[in-house]
Amino acid sequence: MLHKTLKPFPKDFLWGASTSAYQVEGASLEDGKGPSCQDVKVVPEGTSDLKVCADQYHRYKEDIALMAEMGFKTYRFSISWSRIIPEGTGAVNPKGIEYYNNVINECLKYGIEPLVTMFHFDMPAALDERGSWGNRDSIDWFLNFAKVMFENFGDRVKYWLTINEQNMLTLVGPVIGTLMIPEGCTNVLKETYQQNHHMLVAQAKAMALCHEMLPGAKIGPAPNISLVYPASCKPEDVLAAQNYNAIRNWLYLDMAVYGVYNNLVWAYLEENDACPEFGEGDEEALKSGHPDFIGFNYYNTATVEASDGTEKLDPGADQQTARGEKGVYRGYKNPNLPTTEFGWEIDPMGFRATIREMYSRYRLPMIVTENGLGAYDTLTEDGKVHDQYRIEYLRKHIEQIHLAISDGAEMMGYCPWSAIDLISTHEGMVKRYGFIYVDRDEFDLKTLDRYKKDSFYWYKKVIASNGEDL
Ligand code: BGP
């Protein structure tokens, strides 16, 4: 539909931006924090480690003041499990609680609503040693962590997100520094989906616990959702797109919302002898968690064609690459879309298509928890960053949210990636996303001073006009 008159963004629309603890905080072993799986992983050659990142641990006041200057209504950040519970289970680290209390209070001081991700790719290393999500006890470990967070921060945090991009953990875990597949495992697919199952149960129980402990709070999942296009109108390609849509997207949302396995995914797992084992009570637990909203990350769409049976897993695949699976689908490069400097396709209209599809399937309010452009930015001698390319990217995506709202979708907010420059999942510090530039290089920590990019001033204007002035 072409809307001649656009419906306005809701009055209380949550404009903001996102970060995650292991990518932004630094202080990776300070004040009693235990190492996470990210701190002990071998970093890709040529990229920096995670000891300092953007140093937000020491500079959160300055960072939140800058977010307030942009007019943020919300700040999406994650809580590091091993900062709160260094061994993953057992003793709580008071300094960790204090840090997040400070961050939350600082946000509230400016009227910024904290939007807290409970798990963002950073399993405590001590729990990795105990089998990570492959250990069924991980459900209880996570639930205990959730309880500690609800008890300590639930009086002030009204919006919670469970697990960031569980679908990417399952599909490309090694690229983002996790999941752990035990050595000698003979059925990797089954092991992967068993771990996925534990996360799904943990998520459902955490949502139920949140509602029990914090009746006024709202909680939802945060998968990475990309509508999958068929490469052509050949029926075979359409079926392949349905397959990959189910494996990549709907499995996670069908589970979060309805508590059931998507039938196409279940059939695929059966074919491959990879169905997860259900523990006692899992079926009921999965049905007991009801999200209040759907949080989702969107970077672009995916395109696939029918499998010709020769697909090999692409070792270079990352969050936004359709890898291909024999007999299921084959990744296809969409010739209609430009790509970023880092090879990710750019598809603003696909954002609207993704939102439409999600809303017609689930009928829940939605908040965008990530979207953005990773680029090489340059700090000029007079302290400016002219990131017009980022403004263009964000403008086109916000326009599509506006159209999706006019299509009737309920949108609660928009939190692009990222509030401030931070370390990329696998491409170090050179791939920047922030509105705020951080003065450091891959290995040279420089001053770590903050600079406002051109996109900073632009986004401030967007927020002040509630999305009217783009
Ligand atoms: C998402 C993750 C983020 C993030 C972003 C950009 O998948 O949730 O943690 O980093 O992608 O990805 P990258 O850093 O690989 O460019």
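Bear in mind that the values here come from a model prediction, so they are computed numbers and not experimental data.

Peer 1: How should I be thinking about the overall build of the protein chain in this particular structure?
Peer 2: Along its length, the protein chain carries 15 helices and 13 strands. For the protein chain, the spread of C-alpha atoms along the three principal axes comes to 60 × 55 × 45 Å. Looking at the protein chain as a whole, 51% of its 470 residues are labelled buried. Look at the contacts in the protein chain between residues 6 or more apart in sequence, and 77% of them connect residues 24 or more apart.

Peer 1: I tried to follow the pairing of strand β8 (residues 302-305) on my own but got confused; where do I start?
Peer 2: For a regular strand, the rule is simple: side chains alternate between the two faces of the sheet. The two faces of β8 match: Ala302 and Val304 on one face and Thr303 and Glu305 on the other face are all buried. Pairing of strand β6 (residues 228-230) with β8 involves three bridges; the strand directions are parallel. Residue pairing across strands places Tyr229 opposite Thr303, the latter belonging to β8. Relative to strand β9 (residues 330-331), β8 runs antiparallel, the two sharing two bridges. Within β9, the position partnered with Glu305 by the bridge is Arg330.

Peer 1: Would you mind showing me how to read the nonpolar core here?
Peer 2: In this structure, Tyr75, Val116, Met118, Tyr244, Val304 and Met366 are the most contacted members of the largest nonpolar core, which totals 136 residues. Tallying contributions element by element places helix α10 (residues 235-258) first for this core, with 11 residues. Ignoring sequence-local partners within four residues, the contact set of Val304 consists of Val228, Pro230, Ala231, Ala240, Ala241, Tyr244, Ala322, Tyr329, Arg330, Gly331 and Tyr332.

Peer 1: What is the right way to look at the confidence of the model for the protein chain in this model?
Peer 2: Do not read the predicted coordinates in detail wherever pLDDT is low. Averaged over every residue, the pLDDT of the protein chain is 96; the share at 70 or more is 99%. Across the whole predicted complex the pTM is 0.97, and at the interface the ipTM reaches 0.99.

Peer 1: What's the story with the sheet that holds strand β1 (residues 14-18) in this structure? I'm lost.
Peer 2: Sheet strands line up and pair through hydrogen bonds in the backbone, either parallel or antiparallel. Ordered in space as β5-β4-β3-β2-β1-β11-β10-β7, the eight strands form an open sheet in which the pairing is parallel. The strands lining the two open edges of the sheet, one partner per strand, are β5 (218-222) and β7 (294-297). Between one strand and the next, the sheet's axes are offset by a mean angle of 30°, whatever the strand orientation. In the sheet, strand β3 (residues 113-119) pairs with strand β4 (residues 159-164) via four bridges, with the strands oriented parallel. Each residue of the ladder has a partner; that of Val116, found in β4, is Trp160.

Peer 1: What exactly am I supposed to notice about the sheet that holds β8 here?
Peer 2: Reading across from one edge, β6-β8-β9 is the order of the three strands in this open sheet, with mixed pairing throughout. Since the sheet does not close on itself, it has two edges, and those belong to β6 and β9, each with one partner. On top of the sheet, α10 reaches β6, β8 and β9; it is set at about 170° to β6, its chief contact.

Peer 1: How do you make sense of the UniProt feature "active site" (unreviewed entry) in the protein chain when you look at a structure like this?
Peer 2: In this structure's numbering, the residues bearing the UniProt feature "active site" (unreviewed entry) are Glu370. With respect to the element layout, Glu370 can be found in strand β10 (residues 366-370). With residues up to four places along the chain from it excluded, the contact list for Glu370 reads Ser18, Asn297, Cys415, Pro416 and Trp417.

Peer 1: For this particular structure, what's the right way to read the site of the ligand?
Peer 2: Taken together, 16 residues lie around the ligand, and Glu165, Gln319, Gly374, Ser424 and Thr425 are the ones closest in. When grouped by side-chain class, the residues that make up the shell around the ligand number two nonpolar, 10 polar and four charged.

Peer 1: Help me understand unusual backbone geometry, please; the structure alone is not making it clear to me.
Peer 2: A cis amide bond links Trp417 with the next residue in sequence, Ser418, at an omega value of 5°. Mapping Ser418 onto the fold places it in the loop between β11 (411-414) and β12 (436-438). Residues other than glycine seldom take positive phi values, yet Asp273 does so here, at roughly 50°. Along the chain, Asp273 turns up in the loop between α11 (263-271) and α12 (282-288).

Peer 1: I would appreciate a short explanation of α10 in the present structure.
Peer 2: Owing to its 3.6 residues per turn, the α-helix brings residues three or four apart onto one side. Compared with an ideal rise of 1.5 Å per residue, which puts 24 residues at 34 Å, α10 spans 28 Å between its outermost C-alpha atoms and falls more than 12% short. Remark: the principal bend of α10, roughly 55°, maps to Trp250. Gly259 sits one or two residues past α10 and shows a positive phi near 70°.

Peer 1: Explain the environment of Leu379 here, please?
Peer 2: Relative to the helices and strands, Leu379 is located in the loop between β10 and α14 (388-406). Sequence separation between Leu379 and Lys453 is 74 residues; the distance between their C-alpha atoms is 8.7 Å.

Peer 1: How should the packing of α10 against α11 be read in this particular structure?
Peer 2: Any two packed helices are characterised by how steeply their axes cross, that is the angle between the axes, and by the distance between the axes. At their nearest, the axes of α10 and α11 sit 8 Å apart, and the two run at 105° to each other. Relative to α11, α10 is oriented roughly perpendicular. In contact with Gln242, Asn243, Ala246, Ile247 and Leu251 of α10, α11 contributes Leu264, Val265 and Tyr268. Taken together, the residues of the contact of α10 with α11 sort by class into six nonpolar, two polar and no charged.

Peer 1: Explain the environment of Asn245 here, please?
Peer 2: One can find Asn245 in helix α10. Spatially, the C-alpha atom of Asn245 lies 9.0 Å from that of Ala302, the residues being 57 residues apart in sequence. With residues up to four places along the chain from it excluded, the contact list for Asn245 reads Val228 and Trp250.

Peer 1: I'm lost on the packing of helix α7 (residues 138-153) against helix α9 (residues 188-213) in this one. Help?
Peer 2: Contact geometry of α7 with α9 gives a least axis separation of 9 Å together with a crossing angle of 30°. One element, α7, and the other, α9, form an angle in the roughly parallel class. Handedness of the crossing formed by α7 with α9: right-handed. Note on element contacts: α9 touches α7 through His198, Val201, Ala202, Lys205, Ala206, Leu209, Cys210 and Met213, opposite Ser138, Ile139, Phe142, Leu143, Ala146, Lys147 and Phe150. Residues of the contact of α7 with α9, tallied by class, amount to 11 nonpolar, two polar and two charged.

Definitions and cut-offs
Residues numbered from 1 in each chain as written. Predicted model: local features only at pLDDT ≥ 70, side-chain atom pairs only at ≥ 80, totals over all residues. Helix = DSSP H or I, 4+ residues; strand = E, 2+ residues; numbered from the N terminus. Buried ≥ 20, exposed ≤ 12 C-beta atoms within 10 Å, placed from the backbone. Contact = placed C-beta atoms within 7 Å. Pairing = 2+ DSSP bridges. Core = buried A, V, L, I, M, F, W, Y, C linked by C-beta atoms within 7 Å. pLDDT = per-residue confidence, 0-100. Axes fitted to C-alpha atoms, helices over the stretch in contact; angles between N-to-C directions. UniProt positions renumbered as here; feature names shortened; annotations may be inferred. Near = placed C-beta within 6 Å. Nonpolar A, V, L, I, M, F, W, Y, C, P; charged D, E, K, R; others polar. Expected span 1.5 Å × (residues − 1). Bend = angle between axes of the 7 residues up to and from the residue. Parallel < 35°, antiparallel > 145°, perpendicular 65-115°, else oblique. Left-handed = near helix turned anticlockwise from the far one by under 90°.

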